[in-house]
Amino acid sequence: MEVAKILNSNMMKVLERMLMTKNEIAEVTVQQNEDIKKVITNFILEQGWKNVYVFGAVGSVIYMEFTTPIQNHLPLRCGKTPVHGAAEITSMCGEVMPIEFMDPDLEDIYPDKEGPLFVHIHASCATAGGHVFGGGLSSGKAFRALRVFMIHLDDSKYE
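Note that this is a predicted model, so its numbers are computed, not measured.

Visitor: I'd like to hear about the overall build of the chain, residue by residue, with values.
Guide: Broken down by element type, the chain carries 2 helices and 6 strands. Taking all contacts inside the chain whose residues are at least 6 apart in sequence as the whole, residues at least 24 apart take part in 75%. Of the roughly 9700 Å² of accessible surface on the chain, a fraction of 55% belongs to carbon and sulfur atoms.

Here's what the structure looks like:
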């Protein structure tokens with residue numbers, strides 16, 4: 001019960017900040033078989049943004065792979081879990097920032113540093129039979145389509 005109160009409190013703070021910034025909610029659709037992180041990255045670059053909060057998604061996914069901690073102490077060590085088959089996205093939230101501001105502890109977990117942005121998303125998805133998988137989004141594609149919702153935050157944090 002306490003966890004639910006904390007989550008609701010945190011969500012309200014995010015919603016209040018979104019309303020205070022007067023920024024509009026942006027939406028990008030990842031089409032069938034397109035790479036989720038690449039589509040998000042390209043959309044944000046086209047907008048000229050540096051600081052983005054991803055707060056949700058609706059649709060179906062495939063070829064998902066998640067990272068999760070494999071030990072209960074630091075330094076952080078993670079393993080990867082592939083999801084076999086198509087799934088429905090059940091949650092997605094995260095942050096996008098210039099890659100040079102990426103947390104150094106995450107560099108080994110997310111080794112792809114070719115692009116100018118670090119797309120740090122946590123997500124979950126459900127497969128047939130109601131099996132749910134989740135964690136840090138390492139990779140994945142849209143199965144039919146995936147609508148991703150985000151808001152642009154103050155870029156001055158990264159200048």
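Read on for the rest.
Visitor: Help me get a handle on the nonpolar core, residues and values and all.
Guide: Ranked by internal contacts, the top residues of the largest apolar core, which has 30 residues, are Met92, Leu146, Val148 and Met150. Mapped by element, the contributors of at least two residues to this core are β1 (25–31), α2 (36–47), β2 (52–69), β4 (87–98), β5 (117–127) and β6 (131–152). For this core, the element with the most residues is β2, which contributes 6 residues. Those residues within four positions of Met150 in sequence are excluded, and the remaining contacts are Glu24, Ile25, Ala26, Val28, Ile40, Phe43, Ile44, Trp49, Val52, Tyr53, Val54 and Phe55. Counting residues in hydrophobic clusters, the runner-up holds 8 residues, among them Met97, Ile99, Met102 and Leu106.

Visitor: Now, about unusual backbone geometry: what can you tell me, with residues and values included?
Guide: Residue Pro75 is reached from Leu74 by a cis peptide bond, and omega for that bond is 10°. With respect to the helices and strands, the residue Pro75 is situated in the loop between β2 and β3 (78–82). Its identity is not glycine, yet Asn33 carries a phi of approximately 70°, on the positive side. Counting through the fold element by element, Asn33 comes out in the loop between β1 and α2. Residue Asn33 is classed as partly exposed on the basis of its relative accessible area, which comes to 45%.

Visitor: Would you mind going over a negative patch on the surface in detail, with residue names and values included?
Guide: A surface patch of negative charge is lined by Glu95, Asp103, Asp105, Glu107 and Asp108. In this fold, Glu107 is placed in the loop between β4 and β5.

Visitor: I'd love a proper account of the side chain of Gln71, names of residues and values included.
Guide: The residue Gln71 is located in the loop between β2 and β3 in this model. Polar side-chain contacts of Gln71 include one of 3.4 Å to the backbone oxygen of His73. Engagement of the side chain of Gln71 in a polar contact is seen with the backbone oxygen of Pro75, the distance being 2.7 Å.

Visitor: I'd like a rundown of the packing of aromatic side chains, residues and numbers included.
Guide: Going through the model one piece at a time under the given rule, you end up with 3 aromatic pairs. With 6.0 Å between their ring centres and 80° between their planes, Phe43 and Trp49 make a pair best called edge-to-face. Pairing Phe101 with Tyr158 gives two aromatic rings, centres 4.8 Å apart and planes at 55°, and the pair type is tilted. Of this pair, Phe101 sits in the loop between β4 and β5 while Tyr158 sits in the segment after β6; the two residues are 57 residues apart in sequence, bridging distant segments of the chain. The exposure class assigned to Tyr158 is buried, which follows from its relative accessible area of 9%.

Visitor: Describe in detail α2, supporting the description with residues and values.
Guide: Between its terminal C-alpha atoms α2 stretches 17 Å, which fits the 16 Å expected from 12 residues at 1.5 Å a residue. Buried residues of α2: Ile36, Lys37, Val39, Ile40, Thr41, Phe43 and Ile44, and no others. If you follow the buried residues of α2, they end up packed against β1, β2, β4, β5 and β6. One side-chain oxygen at the N-terminal end of α2 lies 3.1 Å from the backbone nitrogen of Lys37; it belongs to Asp35. Immediately downstream of α2, the backbone of Gly48 shows phi near 80°, a positive value.

Calculation notes
Residues numbered from 1 in each chain as written. Predicted model: local features only at pLDDT ≥ 70, side-chain atom pairs only at ≥ 80, totals over all residues. Heavy atoms only, no water. Helix = DSSP H or I, 4+ residues; strand = E, 2+ residues; numbered from the N terminus. Contact = heavy atoms within 4.5 Å. Areas by Shrake-Rupley, 256 points an atom, 1.4 Å probe, with all protein chains shown as cover. Core = buried A, V, L, I, M, F, W, Y, C linked by side-chain atoms within 4.5 Å. Buried < 20%, exposed > 50% of the residue type's maximum accessible area, 1.4 Å probe, protein only. Patch = residues over 30% accessible without salt bridge, like charges linked within 9 Å, V, L, I, M, F, W, Y side chains within 5 Å. Salt bridge = Lys/Arg side-chain N within 4 Å of Asp/Glu carboxyl O. Lys, Arg positive; Asp, Glu negative; His and termini not counted. Charge placed at Lys NZ, Arg CZ, Asp CG, Glu CD. Polar contact = N/O pair within 3.5 Å; in protein donor to acceptor, adjacent residues only side chain to side chain. Phe/Tyr/Trp six-rings, centres within 6.5 Å; stacked < 30°, edge-to-face > 60°. Expected span 1.5 Å × (residues − 1).

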